[in-house]
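Geometric and topological summary
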Amino acid sequence: MSMLEAEGLHTFYGKSHILHGVGLEVREGEVVTLLGRNGAGKTTTLRSIAGLTHAREGVVRLFGKVTTDWPPFRIAGLGLGYVPEGRRIFSTLTVDENLRVPAERPGPWSIPRIYQLFPRLAERKTNKGRQLSGGEQEMLAIARALLLNPKLLVLDEPSQGLAPLIVQEVFKVVTTARDEGISVLLVEQNVRAAVAVADRAYVLDDGHIVYEGSAAEFAKDEERVRALAGASAEEWEPAGEG
Ligand SMILES: Nc1ncnc2c1ncn2[C@@H]1O[C@H](COP(=O)(O)OP(=O)(O)OP(=O)(O)O)[C@@H](O)[C@H]1O
């Protein structure tokens, strides 16, 4: 079953035509990564899906419903958990207070469950948002989205600015969510980290999808990975044993 189907999206900022017929799909239980260089249109694709910048042409279907022109709150209510770029957590509130902000949607995720699965956040419970490291802030932002009990989690560059070891920790959160039955759409600059967790990959270039296929196949294509990953290509080391 499809969690998300986007077809032929054309999205503009004013007169700037950014997406030129973008199509992608996330099926139930999948982690799908959307890759591409700076400015390729990844964030714009996510904004079109989440209802923040509506596509002028094309269709977004979420959980079988056409949501192309729905406002963001209605899309969130349907089960889309969107974590934008830049970790917008409340810096003057504690971790615990941050987690109490979202309006709950019924489901298996609760604050005790979050603390159980992300002990790092439990340890930091009474720390203010601004006292957290970048990795902890990202985990908190994802945890907050999970409390909405989404069926599809959409993450925009969770690894941005994080050291490799911390990236691995944040990506464990992604696999935990997937293991809990949540589908994930992941936008990343860190190509190697993303293809290591994803089932399928799409590559966006200048508003066009130029690759679509298995993430494992993509990972094998060293030349392609290197071209996309650029300078960060050497940074990612797969998690070692234990
Ligand atoms: N609010 C805006 N108004 C006008 N142009 C914008 C706006 N936001 C983004 N753009 C432009 O749209 C294009 C796509 O941007 P987008 O943020 O979707 O790319 P991206 O692939 O997510 O890149 P990045 O990795 O830098 O976030 C870029 O050329 C960008 O300059």
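Each value, and the rule that gives it
Residues numbered from 1 in each chain as written. Predicted model: local features only at pLDDT ≥ 70, side-chain atom pairs only at ≥ 80, totals over all residues. UniProt positions renumbered as here; feature names shortened; annotations may be inferred. Core = buried A, V, L, I, M, F, W, Y, C linked by C-beta atoms within 7 Å. Buried ≥ 20, exposed ≤ 12 C-beta atoms within 10 Å, placed from the backbone. Helix = DSSP H or I, 4+ residues; strand = E, 2+ residues; numbered from the N terminus. Contact = placed C-beta atoms within 7 Å. Pairing = 2+ DSSP bridges. Axes fitted to C-alpha atoms, helices over the stretch in contact; angles between N-to-C directions. Near = placed C-beta within 6 Å. Nonpolar A, V, L, I, M, F, W, Y, C, P; charged D, E, K, R; others polar. Parallel < 35°, antiparallel > 145°, perpendicular 65-115°, else oblique.

- The chain has the name Amino acid/amide ABC transporter ATP-binding protein 2, HAAT family in an unreviewed UniProt entry, where Tistlia consotensis USBA 355 is given as its organism.
- The record in UniProt for the chain states the following under Sequence similarities (unreviewed entry): "Belongs to the ABC transporter superfamily."

**Quick word on the nonpolar core**
- Membership of the largest hydrophobic core comes to 69 residues, with the highest contact counts inside it found for I142, A143, V154, V184, L185 and L186.
- In terms of residues, this core owes the most to one element, helix α6 (residues 134-146), which gives seven residues.
- Every residue in contact with I142, bar those within four places of it in the chain, is listed here: V83, L155, P158 and V173.

**Things to note about unusual backbone geometry**
- Positive phi values are uncommon outside glycine, yet F63 reaches one of about 50 degrees.
- Along the chain, the position of F63 falls in the loop between β4 (57-62) and β5 (65-66).
- Judged by local crowding, F63 falls into the partly exposed class, with 17 C-beta atoms found within 10 Å.
- One non-glycine residue, E157, adopts positive backbone phi at about 45 degrees.
- Along the chain, E157 turns up in the loop between β7 (152-156) and α7 (164-179).

**Notes on the sheet that holds strand β3 (residues 31-35)**
- With respect to topology, six strands assemble into an open sheet ordered β6-β7-β8-β3-β9-β10, the strand pairing being mixed. Edge strands, defined here as strands with exactly one partner in the open sheet, are β6 (80-83) and β10 (208-214). Strand-to-strand twist across the sheet, computed as the mean angle between neighbouring axes with direction ignored, equals 15 degrees.
- Pairing geometry for β3 and strand β8 (residues 183-188), over five bridges, is parallel. Residue L34 lies in a different strand from β8, and its bridge partner there is V187.
- Its contacts with the sheet put helix α1 (residues 42-50) on β3, β6, β7, β8 and β9 (200-205), and the angle it makes with β7 is roughly 150 degrees.
- Each of β3, β7 and β8 is contacted by α7, which is oriented at about 160 degrees to β8, the strand it contacts most.

**Description of the site of the ligand**
- Surveying the vicinity of the ligand reveals the residues Y13, S16, I18, G36, N38, G39, A40, G41, K42, T43, T44 and Q189.
- Those elements giving two or more residues to the shell around the ligand turn out to be β2 (16-27) and α1.
- No other element matches α1, which puts three residues into the shell around the ligand.
- Residues of the shell around the ligand, tallied by class, amount to three nonpolar, eight polar and one charged.

**Brief notes about α1**
- Among the nine residues of α1, eight are classified as buried, and the element is accordingly described as predominantly covered.
- What α1 keeps buried is the set K42, T44, T45, L46, R47, S48, I49 and A50.
- Just beyond α1, the residue with positive phi is G51, at close to 85 degrees.

**A word on the pairing of β6**
- Where burial is concerned, the two faces of β6 agree: the one with L80 and Y82 and the one with G81 and V83 are both buried.
- Inspection of the sheet shows β6 paired to β7 by four bridges, in the parallel sense. When the bridges of β7 are listed, V83 appears paired with L155.

**A few points about the packing of α6 against α7**
- Put simply, α6 and α7 touch, their axes get as near as 9 Å, and they point 10 degrees apart. Overall, the two elements α6 and α7 adopt an arrangement that is roughly parallel. Residue-level inspection shows G134, G135, E138, M139, I142 and L146 of α6 in contact with α7, the latter providing I166, E169, V170, V173 and A177.
- Residues belonging to the contact of α6 with α7 are distributed by class as follows: seven nonpolar, two polar and two charged.

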